[in-house]
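# What the coordinates show
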Amino acid sequence: MTARVARAPNLGEELEAIVGHGHATDRPAHLAEVGIRAAASEPATWLVRPGSGAEIAEIVRLANRRHIPVSPVGAAARPPAALGAAEAGILVDLRRMSHVLHLDETSLVVHVQAGLSAHALEHILAPRGLSLGDFPPAILASTVGGMLSVRTPGKSSPRHGFIEEAVLGISAVLGDGRSIHTRVAPRRATGPDLARALCGSEGTLGFITSAVLRIHRRPEARFLSAHHLPDFEAALSAVHLAMREDAAPAALRVYDERQARAGLGDGAVRPGGAVLLAATAGPTDLAACDRDLIASSASALGGTPIAESFAETWWRQRTGREDSPSAALPSLQVSARPSRQAAVHRALRAAAAEAGIEVCVYASRFDPYGAVLFVTLIDPSTGEALGAQAEDAARGAIERAAEQAGAALLGAVPPALTPYFEDMRRRLDPAGIMNPRALASGSE
Amino acid sequence: MTRPAIDSDRLARALRPIVGDDRISAKETDLTTYSRDMWPRLLISIREGTPLPHRAHLVVWPETVGEVAEIVRVARSQGVPIIPYGGGSGVCGGTVPVKGGIALDLKRMSAVAKIDRDDLICDVQAGANGEHFERELATRGYTFGHFPSSIYVSTVGGWVATRAAGQMSSKYGKVEDRIAGVTMVTGRGDIIDTDGLARSHRGPSWTQLLVGSEGTLGVITSARLRVSPAPELRVLRGYSFPDLIGGIEALRRIMQRGLRPAVLRLYDEFDTLMNALSGGGDRAPADIRHHHAPSPPAGAGALPRVPTQSADVEERSGLLGQIVGQLVPKDRRRGLTQSLRRELVAATLSRPRLFNNVAGPVASRGLRRGCRMIVGLEGSRVRTETEARLTFGELERAGGVDLGEEPGRRWLEHRYSVSYKMSPAFRAGAFVDTMEVASTWERLVDLYRSVRAAIAKHALVMAHLSHAYPEGCSIYFTFAGYADNQKHAEKLYDELWRSGMEAATRAGGTISHHHGVGLLKSLHMREEHRESMAILEALKASMDPDDIMNPGKLGLSAGGLS
């Protein structure tokens, strides 16, 4: 079903006729701005910046007629990468579509175009005392469309759930150029949640053009706290105990000893220990109640409070106001449900020891179903992260050990459901032009 | 009656090797029982002794997911529809076999697996009865927090298939908010599991694409549900507001402040009046009562045994019972013959506009009853106490008057009685039904007025608001209508629903909050989802390419009664 990329005479003119002069380009410098290194030879790659959902629909119809792949691009966060043949064609950059279409402060609902960055949306909401919620600041760099199109476990908060659960309605252009607008409702019982077919579909079933999102009032109070626990697993248990007690913190993080030293300094942790960091937010009394529930849970697991300044350091790093000493990307990320987190941690350490290396671990992105463990592979001789080559060599065995202990590797596509997804794709995108390489079975 | 050309004998021969003789039935009584649910339009037929419009060819009781898969493959090979069947408690005709086929009763698949203390996830089979499931959880120290009024007769699979909501959804959420994954036998006969517990997979959430599918994509055989520790404390209160608008504003403030009471129910003026007239009137304001007077242990009264129905209770209960109660002195009610009762009901319900126009203003201005609200909080002791203090403060700032604990306790004790109040109304010649719509707060008052006006032309109507969210709320209309014969009653019923659904759509609401679509709302799915139906159609074609799974539902293919 992969679209054939043919020579496309006058494609640029046709695209300009849709999006207007200056909004369609094939110049390498412009492509590099969105992270694309175009090949010098044919087929040509065109970058278009539509200004409306109607223009996107026309672009998709044109791509159907010409049998040309059409793929979304986001903000360039990486060095330019070469496109594969199947990806070349029309690249759609939605960042001209960056308007707030409607802000309903009575219902705490915002209708926003897909090209607005989540960070910019937060800037618009903040003066009104509003916010998207306690989501990890790292995800706010995405456009709203990008944030919703790619589903990962990290886009969540213990207090506000998963980002896609904030979607009350969605507008999109399907693979055949049809525009759809799902009805906005707080909840409904009219069949499956159709908006959720587009959330996570990575532009394969349709391009999200705008979304109606639930927003929140900024919390009346926010409390930060830090606790020292005897070990990493005790810190995880303290988190689970607090959640059982109904605590709904804004954010949580658990550092093992090495990670705590790297992120917070030597004074935060004793040998073999771990640090639990928590932010609670909401009405003052309730935020204080959640803080106290976490404190009593930590205490029950042998924890002791440590200086709040450690939590403040973490919060500044988390919100980008202070550089994190451990800013290097972790070697691997695995997700595990609460009952498996301790076993996964033990398996990671054991596999690392067998490979003659060490691991540095922290747990974050807690949600009702689990958390993500961020793992850095360490060279014991230097105490530093492994070099790229050594990391690649060691990663496989560590990942297998984690999986055997009950972890799930992030980013896999469930193979059992692939035939159904591919079938849906063929029906909604019969020409096979929509982001053709995304979400293939087993892709990461 | 429609009987598509399906060879029942051939079908039974193919199914016997899978489930044996004992778990297949072609008995008339079984086929009749399994060819309907509690859709009030069908109850009109039953009252009049008219045969049901559609009937299944066989009833089959599988015991394993493997058997379900084999049954689906047989049905697919013979082109026979399958209609998954739980408790039969739906009110939208979702289990009506419009093309005949196999009624697949899942009640023999009812196992409740072990719950991990840290994960708080319970794997439960679809046929588990709601009451049994909740009692089983209670013995282990947990709750699912899902208490629909049908809990004694509905199943977990039915809840998941229809996106159901319970009476404590403001804290615990609807079923779709509490589900980690499902196991389904698709219309192709494959067994699939959705979403790992830690949700690590890329791609759309298959769980959310299957929840609410009402049997049209496959058979949901089990679900991984998020449970909570059993509450340590429950706090209940009644409040009174001068009018509905004030009460709505209070609901909004509570939810948007981040508070999550388990129960938030606001009754409109007419419903409040009816409640008062039936003896459930609010007592004197409880100014002197301490806000934190000891509450009953959370376990007490959370799930009473199936309500027994004395004649007197039956007579007094429900919208019609209350009307009869007001029109006839108590000492003479027992002596009413059925025909006199029917005449009395007919006299009242034949003039819905008059009664609707009078009742609201009388309730709000004449009797100054205002609007009643029931509030309940539960959970861990410390957090519940804190949340209760903040919630009650918010209610008082919004103009609410504290009525003390008694209205809340009374609601808790009688909250399942409502489902047992329909029979007297139908026996009296009327029909009673409910319509649950929802919208964002910005549109909610308009939605209430529009839908109420649409129903009020045809039936006596009252409403309450429950299932509140930070961004909006559901409105639950209860109505009673009357016509002098079945044909007229069905015409009136259809016209009422058409008006109500159109009014909901025009006002920007959704046509269903938690009852589902079934046959009742199938024709309105196009207005609800418009062009987005393309996604549902693609999903259907992918999961059930031969259209054997519960055909005629969700607006996916031609269905209907005629």
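Residues numbered from 1 in each chain as written. Chains lettered and ligands numbered in written order. Predicted model: local features only at pLDDT ≥ 70, side-chain atom pairs only at ≥ 80, totals over all residues. Heavy atoms only, no water.

## A look at the overall build of chain A
- When you go through chain A residue by residue, the secondary structure sums to 13 helices and 24 strands.
- Here chain A holds 444 residues, and 57% of them are scored as buried.
- By sequence separation, contacts in chain A at least 24 residues apart represent 72% of the contacts at least 6 residues apart.
- Total accessible area computed for chain A in this model is approximately 16600 Å², and 50% of it derives from carbon and sulfur atoms. (Helix = DSSP H or I, 4+ residues; strand = E, 2+ residues; numbered from the N terminus. Buried < 20%, exposed > 50% of the residue type's maximum accessible area, 1.4 Å probe, protein only. Contact = heavy atoms within 4.5 Å. Areas by Shrake-Rupley, 256 points an atom, 1.4 Å probe, with all protein chains shown as cover.)

## So, the side chain of Asp 105 of chain B
All names here are of chain B.
- Here Asp 105 shows up in strand E4 (residues 102–105).
- Classification of Asp 105 by relative accessible area gives buried; the value is 1%.
- Of note is the side chain of Asp 105, whose polar atom sits 3.0 Å from the backbone nitrogen of Lys 107.
- Look past the residues within four positions of Asp 105 in its chain and what remains in contact with it is Tyr 34, Val 60, Trp 61, Pro 62, Tyr 85 and Gly 86. (Polar contact = N/O pair within 3.5 Å; in protein donor to acceptor, adjacent residues only side chain to side chain.)

## So, empty space enclosed by the protein
- Under the defined criterion, the tally for this structure stands at four cavities of 30 Å³ or more.
- Quantified by volume, the largest cavity comes out at close to 70 Å³.
- Together, Val 413, Pro 414, Leu 417, Thr 418, Phe 421 and Leu 439 of chain A together with Arg 202, Gly 203, Pro 204 and Trp 206 of chain B line the largest cavity.
- Taken together, the residues that form the lining of the largest cavity break down as seven nonpolar, two polar and one charged. (1 Å grid on protein atoms, 1.4 Å probe; cavity = no way out; pocket = protein on both sides within 12 Å on 5 of 7 lines; lining within 4 Å. Points joined across faces, edges and corners; volume = space filled by probe spheres on them. Nonpolar A, V, L, I, M, F, W, Y, C, P; charged D, E, K, R; others polar.)

## Here we look at the packing of aromatic side chains
- Going through the model one piece at a time under the given rule, you end up with 14 aromatic pairs over all chains.
- On the numbers, 5.8 Å between centres and 75° between planes, the contact of Tyr 255 of chain A with Tyr 362 of chain A is edge-to-face. Separated by 107 residues along the polypeptide, Tyr 255 of chain A in strand E17 (residues 251–255) and Tyr 362 of chain A in strand E21 (residues 358–367) bring together distant segments of the chain.
- You can call Tyr 255 of chain A buried: its relative accessible area is 2%.
- Take Tyr 362 of chain A: its relative accessible area is 14%, and that puts it in the buried class.
- By the ring-pair criterion, three or more aromatic residues cluster together here, those being Phe 431, Phe 479, Tyr 493 and Trp 497 of chain B. (Phe/Tyr/Trp six-rings, centres within 6.5 Å; stacked < 30°, edge-to-face > 60°.)

## Some words on the interface of chain A and chain B
- Between chain A and chain B, the contact holds 79 residues from the first and 93 residues from the second.
- Both sides together, the interface formed by chain A and chain B hides about 7300 Å², and carbon and sulfur atoms give 57% of it.
- Here chain A and chain B share twelve salt bridges between them.
- When the shortest N-O distance is used, the salt bridge between Glu 528 of chain B and Arg 188 of chain A registers 3.3 Å.
- For the side of chain A that touches chain B, the per-class residue count stands at 40 nonpolar, 15 polar and 24 charged. (Buried area = accessible area lost by both parts, 1.4 Å probe. Salt bridge = Lys/Arg side-chain N within 4 Å of Asp/Glu carboxyl O.)

## Some thoughts on helix H20 (residues 486–506) of chain B
Residue and element names in this part refer to chain B.
- Over its 21 residues, H20 runs 30 Å from end to end, which matches the ideal 30 Å to within 8%, given 1.5 Å per residue.
- Where H20 starts, the residue carrying a side-chain oxygen 3.0 Å from the main-chain nitrogen of Lys 487 turns out to be Asn 485.
- In the segment just after H20, Gly 508 is the residue with positive phi, at about 85°. (Expected span 1.5 Å × (residues − 1).)

## Considering the nonpolar core
- Counting 116 residues, the largest nonpolar core has Ile 90, Leu 148, Ile 170 and Leu 213 of chain A together with Phe 133 of chain B as its most contacted members.
- Looking at this core element by element, the count peaks at seven residues for helix H22 (residues 533–543) of chain B.
- If sequence neighbours within four positions are ignored, Leu 148 of chain A has contacts with Ile 163, Glu 164, Val 167, Ile 170, Leu 198, Cys 199, Gly 200, Ile 208, Ala 211 and Leu 213 of chain A.
- Membership of the second largest hydrophobic core comes to 67 residues, among which are Phe 431, Ala 468, Phe 477 and Trp 497 of chain B. (Core = buried A, V, L, I, M, F, W, Y, C linked by side-chain atoms within 4.5 Å.)

## Some remarks on the confidence of the model for chain B
- Across chain B, the average pLDDT comes to 87, with 84% of residues at or above 70.
- Note on residues 283–301 of chain B: pLDDT under 50 across the span, and 42 contacts to partners over four residues away in sequence or across chains. (pLDDT = per-residue confidence, 0-100.)

## Some thoughts on the packing of helix H9 (residues 284–300) of chain A against helix H16 (residues 381–397) of chain B
- Remark: H9 of chain A packs on H16 of chain B, axes separated minimally by 10 Å, with the N-to-C direction vectors making an angle of 175°. In terms of their interaxial angle, H9 of chain A and H16 of chain B are classed as roughly antiparallel. Contacts between H9 of chain A and H16 of chain B involve Asp 285, Leu 286, Cys 289, Asp 290 and Leu 293 of chain A from the former and Val 382, Arg 383, Thr 386, Glu 387, Arg 389 and Leu 390 of chain B from the latter.
- The residue inventory of the contact of H9 of chain A with H16 of chain B, partitioned by class, reads five nonpolar, one polar and five charged. (Axes fitted to C-alpha atoms, helices over the stretch in contact; angles between N-to-C directions. Parallel < 35°, antiparallel > 145°, perpendicular 65-115°, else oblique.)

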